[in-house]
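# Coordinates in review
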Amino acid sequence: ILDYALAAGSDDRLRGEAADLIAEWAAPKEFDRLRNESRVYGERENQLARAQLKDRFEAMLASPDASVNRAAIRAARSLGMQGAAPSLLALVQNSDSPEQVRLDALNALADLKSESLGIALRAAGQAEQAKLRARAMRLLAQWNPQDALPILAEVLPKAEAAEQAAAFGALA
């Protein structure tokens, strides 16, 4: 499945679907989209999937298809791949990456409770995209409430509407 997700000659939509199967590996959905039927798979062992993804994770992030990038991030997140943190941080810091990919990487770092979350929050807080900055504010308030208060108070007067809503939500 991973090889298909990385196959350059394959249809992007199907590559994204294959990547989504990897992202859902640990706890697959009851409905099997390939067989078009309902099946109960139960919990799967993460160790094999984690090892396979680890070998191909960088290649999936290097794919020009954002759906493959996002599925790799979701898979790393659901499989608890702590070793993915440096690559996820690099995505958050890369202003050329699509906004949704950067958001997914930031959320994955938060869920993995990565030590590099503070650096990622600083980078996201300085991003051009208001949605990314707003998410950084919410996460900062959860991650370090004492440091968040002065930052939120400073950002609030000059923030866009989405950021103001995030700041008020974080302060609540």
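Scope of this entry: the structure provided in the associated data block. Remember, it's a predicted structure, so these values are computed and weren't measured experimentally.

The rules behind each value
- Residues numbered from 1 in each chain as written.
- Predicted model: local features only at pLDDT ≥ 70, side-chain atom pairs only at ≥ 80, totals over all residues.
- Heavy atoms only, no water.
- Helix = DSSP H or I, 4+ residues; strand = E, 2+ residues; numbered from the N terminus.
- Expected span 1.5 Å × (residues − 1).
- Bend = angle between axes of the 7 residues up to and from the residue.
- Buried < 20%, exposed > 50% of the residue type's maximum accessible area, 1.4 Å probe, protein only.
- Contact = heavy atoms within 4.5 Å.
- Salt bridge = Lys/Arg side-chain N within 4 Å of Asp/Glu carboxyl O.
- 1 Å grid on protein atoms, 1.4 Å probe; cavity = no way out; pocket = protein on both sides within 12 Å on 5 of 7 lines; lining within 4 Å.
- Points joined across faces, edges and corners; volume = space filled by probe spheres on them.
- Nonpolar A, V, L, I, M, F, W, Y, C, P; charged D, E, K, R; others polar.
- Axes fitted to C-alpha atoms, helices over the stretch in contact; angles between N-to-C directions.
- Parallel < 35°, antiparallel > 145°, perpendicular 65-115°, else oblique.
- Core = buried A, V, L, I, M, F, W, Y, C linked by side-chain atoms within 4.5 Å.
- Left-handed = near helix turned anticlockwise from the far one by under 90°.

## Thoughts on helix α3 (residues 46–62)
An ideal rise of 1.5 Å per residue puts 24 Å on 17 residues; α3 measures up with 23 Å between its terminal C-alpha atoms. At R56, α3 shows its maximal bend, which comes to roughly 55 degrees. What α3 keeps buried is the set N46, A49, L53, F57, M60 and L61. Each element contacted by the buried residues of α3 is listed here: α1 (2–6), α2 (12–23), α4 (66–78) and α5 (85–93).

## Observations concerning the pattern of salt bridges
Overall, the coordinates contain three salt bridges when judged by the stated rule. Between R70 and D104 there is a salt bridge, with its nearest N and O atoms 2.5 Å apart. In this pair, R70 is assigned in helix α4 and D104 in helix α6 (residues 99–111), connecting sequence segments 34 residues apart. Residue R70 is classed as partly exposed on the basis of its relative accessible area of 27%. Note on D104: relative accessible area 8%, which makes it buried. The partner of D111 in a salt bridge is R77, with the nearest N and O atoms 2.4 Å apart. Of this pair, D111 sits in helix α6 while R77 sits in helix α4, and the two are 34 residues apart along the sequence. Judged by its relative accessible area of 45%, D111 is partly exposed. Exposure remark for R77: the relative accessible area of 32% places this residue in the partly exposed category.

## So, the layout of surface pockets
The calculated volume of the largest pocket comes to roughly 370 Å³. For the largest pocket, the lining is made up of 16 residues, of which L121, R122, G125, L140 and I151 are closest to its centre. For the lining of the largest pocket, the secondary-structure elements that each account for two or more residues are α7 (117–125), α8 (130–143) and α9 (145–155). By residue class, the composition of the lining of the largest pocket is seven nonpolar, four polar and five charged.

## A closer look at the packing of α3 against α5
Close contact between α3 and α5 brings their axes to 11 Å; oriented N to C, the two are set at 10 degrees. Judged on the interaxial angle alone, α5 and α3 are roughly parallel. Taken together, the residues of α5 that come into contact with α3 (itself represented by F57, E58 and L61) are S87, L88 and L91. Residues of the contact of α3 with α5, tallied by class, amount to four nonpolar, one polar and one charged.

## Some details on the nonpolar core
Across soluble globular proteins, nonpolar side chains show a tendency to be buried alongside one another. L53, L88 and L106 are the most contacted members of the largest nonpolar core, which has 50 residues in total. A total of seven residues in this core trace back to one element, the largest contributor, which is α6. If near-sequence neighbours (up to four positions away) are discounted, L88 is found in contact with F57, I73, A105, A108, L109 and L112.

## Some words on α4
The terminal C-alpha atoms of α4, which comprises 13 residues, lie 18 Å apart, in line with the 18 Å expected from a rise of 1.5 Å per residue. Every buried residue belonging to α4 is among V68, N69, A71, A72, I73, A75 and A76, and all of these are buried. The secondary structure elements touched by the buried residues of α4 are α1, α2, α3, α5 and α6. Immediately beyond the C-terminal end of α4, within one or two residues, lies G80, with a positive phi of roughly 65 degrees.

## Considering the packing of α3 against α4
At their nearest, the axes of α3 and α4 sit 10 Å apart, and the two run at 150 degrees to each other. Taken together, the axes of α3 and α4 are roughly antiparallel relative to one another. Classified by chirality, the crossing of α4 by α3 is left-handed. Facing α3, whose interface residues are N46, L53, F57, M60, L61 and A62, α4 presents V68, N69, A72, I73, A75, A76 and S78.

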